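Commentary on secondary and tertiary structure
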Amino acid sequence: MSNFPLQNGVLHAEGVPLPQIAAQFGTPTYVYSKAQLLDNFAGYARPCAGRDALVCYAMKANSNLAILDLLARQGAGFDIVSGGELLRVIAAGGDPGKVIFSGVGKTVREIELALDKGILCFNVESIPELHRINEVAGRLGKRAPVSLRVNPNVDAKTHPYIATGLKASKFGVAFSDALATYRSAAALPHLDVVGIDCHIGSQLLDDAPLLEALDKLIELIDTLASEGIVLHHLDVGGGLGIDYGAGDAAPVPIASYVERVFARVDAWRADKYDGRPIKVIFEPGRSIVGNTGVLLMNVEFIKPGEEKNFCVIDAAMNDMARPTLYQAWMDVQPVTPRQGEAVTYDLVGPVCESGDWLARDRALVVEPGDLLAMMAAGAYGFTMSSNYNTRGRAAEVLVDGENVHLIRRREEPAELFALESLVG
Ligand SMILES: *Cc1c(COP(=O)(O)O)cnc(C)c1O
């Protein structure tokens, strides 16, 4: 992670030593690199230049307004999964006309809001949802742009909790039902059937399953066109993985994947479509923000045990859920590496759950009061955090060169129960 260099024996975020951030804002704190964020986005945007293409950042990965604003300024659209996320896009100055709305359970109120704000497209996941969107659009005197999320039945070969493209998944319309579902959609009076999308899973290091899914979508677009249902966009979803430092194969570089998508689309259009335009949409989340952030934390106690040694830190499962939720391996680095003999620890937080661990069996040279950094923590970190155990959520800081911006202050305990009331 080149934007988090070890300089003079101290881990930095760009030009700022992490101990300086801990001293100023406390711990645990999420620290993001602006340069890394823009670099990742450019990996998508650069090969899209001069083409009919849109990068819709899947903001559930990290929805801080400052991050959204920086991406919106680069021309990003957004992939949202709730009405709340749409309001965040608008609060950050993003364009609702570049928003696509995914998710299996859109409520009537969310559909009304999205139609009112004029989003680009609803990514629809079921027939009842098509009917609901049609009804709401009719009642509001509008037409709703829709795409069907097709389940291409491709094995993403990733963790079962983040694989979404198999037959047994709750997501999407089965490939075998897609044609009939498109016909039903085309027959509904208040819908404009404009696109097709898929999203087969997350943290894919190899793009072969993504390209296989793309081929299946292309096949379906051709079949639909032969029935007179002509689509205007092709949304390949997200899912590209990042390097968590676990020694896995390196992920495909973003730009290489994007270029491979365009190569296939171009070959197909030249072949079948006589150059008829089709917009290509990407929905990346993790690959935009994952390696832009670290979680900075403090060692509270060292607790030797008979079978295990514990390193008790001030960050916990409520701050970073990925390890306990997905058995995810996250790299942890000392901020100021010490000389000495390493001891193997489980890194655990103060939350009252045995599942409250952030890393296991790590050889570290640490003492109480040392700072540690959980690397590549920018995606599905803060956004999945909770207030379990009445713990205020961590502060978030964005570093830009030598400058440090507080982009979300730490939550105070009194704020955590401010919405509650006594029975009377
Ligand atoms: C979560 C999600 C994404 C982003 O996935 P990443 O693996 O973070 O790139 C894209 N599209 C949909 C529909 C999603 O639910």
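Residues numbered from 1 in each chain as written. Predicted model: local features only at pLDDT ≥ 70, side-chain atom pairs only at ≥ 80, totals over all residues. Heavy atoms only, no water.

Within a sheet, each strand pairs with its neighbour through backbone hydrogen bonds, oriented either parallel or antiparallel. Taking strand neighbours across the sheet as the criterion, the three strands line up as 1-2-3 in an open arrangement whose pairing is antiparallel. Either end of the sheet is taken by a strand with one partner, and the two such strands are strand 1 (6–7) and strand 3 (16–17). (Pairing = 2+ DSSP bridges. Helix = DSSP H or I, 4+ residues; strand = E, 2+ residues; numbered from the N terminus.)

Turning our attention to the pattern of salt bridges. Inspection of every chain in the model, using the stated rule, returns 19 salt bridges. Where Asp-400 meets Lys-34, a salt bridge forms, and the shortest distance between an N and an O atom there is 3.4 Å. A residue pair is termed long-range when its members are at least 10 positions apart, and Asp-400 in strand 20 (residues 395–400) and Lys-34 in helix 2 (residues 34–48) qualify at 366 residues. Assessed through its relative accessible area of 22%, Lys-34 is described here as partly exposed. (Salt bridge = Lys/Arg side-chain N within 4 Å of Asp/Glu carboxyl O. Buried < 20%, exposed > 50% of the residue type's maximum accessible area, 1.4 Å probe, protein only.)

Residues in contact with the ligand amount to 14 residues; listed here are only the nearest, Lys-60, Ser-202, Glu-283, Arg-286 and Tyr-380. Separating an oxygen atom of the ligand from a side-chain N or O atom of Lys-60 is a distance of 2.8 Å. A distance of 2.5 Å is found between a nitrogen atom of the ligand and a side-chain nitrogen or oxygen belonging to Glu-283. With the chains in place, 94% of the 390 Å² that the ligand exposes on its own is no longer accessible. Class assignment of the residues belonging to the shell around the ligand gives a composition of three nonpolar, six polar and five charged. (Near = heavy atom within 4 Å. Polar contact = N/O pair within 3.5 Å; in protein donor to acceptor, adjacent residues only side chain to side chain. Areas by Shrake-Rupley, 256 points an atom, 1.4 Å probe, with all protein chains shown as cover. Nonpolar A, V, L, I, M, F, W, Y, C, P; charged D, E, K, R; others polar.)

What follows is about helix 1 (residues 18–25). The set of residues buried in helix 1 consists of Leu-18, Ile-21, Ala-22 and Phe-25. The arc enclosing the buried residues of helix 1, seen along the axis, measures out at 100°, which places them on a common side. Facing away from the buried surface of helix 1 by more than 90 degrees, the exposed residues are Ala-23 and Gln-24. Positive backbone phi, at 80°, marks Gly-26, one or two positions downstream of helix 1. (Arc of directions from axis to C-beta.)

Mapped onto this structure's residue numbering, the UniProt feature "active site" (unreviewed entry) falls at Cys-352. The topology assignment puts Cys-352 in the loop between strand 17 (343–348) and strand 18 (357–364). When residues no more than four places from it in sequence are discounted, the contact partners of Cys-352 are Tyr-388 and Asn-389. (UniProt positions renumbered as here; feature names shortened; annotations may be inferred. Contact = heavy atoms within 4.5 Å.)

This part covers the packing of helix 5 (residues 108–117) against helix 6 (residues 127–139). The N-to-C vectors of helix 5 and helix 6 enclose an angle of 55°; their axes lie 10 Å apart at closest approach. Considered as vectors, helix 5 and helix 6 are oriented oblique to each other. Handedness of the helix 5/helix 6 crossing: right-handed. Between helix 5 and helix 6, the contacting residues are Val-108, Ile-111, Glu-112 and Leu-115 on the first element and Arg-132, Ile-133, Val-136, Ala-137 and Arg-139 on the second. Here the contact of helix 5 with helix 6 is composed, by residue class, of six nonpolar, no polar and three charged. (Axes fitted to C-alpha atoms, helices over the stretch in contact; angles between N-to-C directions. Parallel < 35°, antiparallel > 145°, perpendicular 65-115°, else oblique. Left-handed = near helix turned anticlockwise from the far one by under 90°.)

In terms of domain boundaries, the protein chain breaks down into domain 1 (6–31 + 291–416) and domain 2 (103–282). Here the C-alpha centroids of domain 1 and domain 2 sit 36 Å apart. Taken residue by residue, the interface counts nine residues in domain 1 and eight residues in domain 2. The largest share of the area that domain 1 buries against domain 2 comes from Tyr-326, Trp-329 and Ala-376, three residues that together contribute 54% of it. Where domain 1 touches domain 2, the interface holds zero residue pairs in polar contact (both at pLDDT 80 or more). Residue composition of the side of domain 1 that touches domain 2, grouped by class: five nonpolar, two polar and two charged. (Domains from an automatic or database assignment. Buried area = accessible area lost by both parts, 1.4 Å probe.)

What follows deals with the packing of aromatic side chains. Inspection of every chain in the model, using the stated rule, returns seven aromatic pairs. Residues Phe-101 and Phe-122 carry aromatic rings whose centres are separated by 6.1 Å and whose planes lie at 25° to one another, so their mutual orientation is stacked. One end of the pair, Phe-101, is in strand 7 (residues 99–101); the other, Phe-122, is in strand 8 (residues 121–124), with 21 residues separating them in the sequence. Exposure remark for Phe-122: the relative accessible area of 0% places this residue in the buried category. Measuring from ring centre to ring centre gives 5.8 Å for Phe-262 and Phe-282, while their planes differ by 80°; the resulting arrangement is edge-to-face. Of this pair, Phe-262 sits in helix 9 (residues 254–273) while Phe-282 sits in strand 13 (residues 279–282), and the two are 20 residues apart along the sequence. With a relative accessible area of 3%, Phe-262 lands in the buried category. Phe-282 gets classed as buried once you look at its relative accessible area, which sits at 0%. Cluster of aromatic residues (ring-pair linked, three or more members): Tyr-44, Tyr-257, Phe-262 and Phe-282. (Phe/Tyr/Trp six-rings, centres within 6.5 Å; stacked < 30°, edge-to-face > 60°.)

Let's shift gears to the pairing of strand 20. In terms of burial, strand 20 is a largely internal element, five of the six residues being buried. Direction of pairing for strand 4 (residues 29–33) relative to strand 20: parallel, over a ladder of five bridges. Bridge pairing in strand 20 places Ser-33 opposite Val-399. Sheet topology note: the strand 20/strand 21 (residues 403–408) ladder contains five bridges and is antiparallel. Bridge assignment links Val-397 to a residue of strand 21, and that residue is Leu-406.

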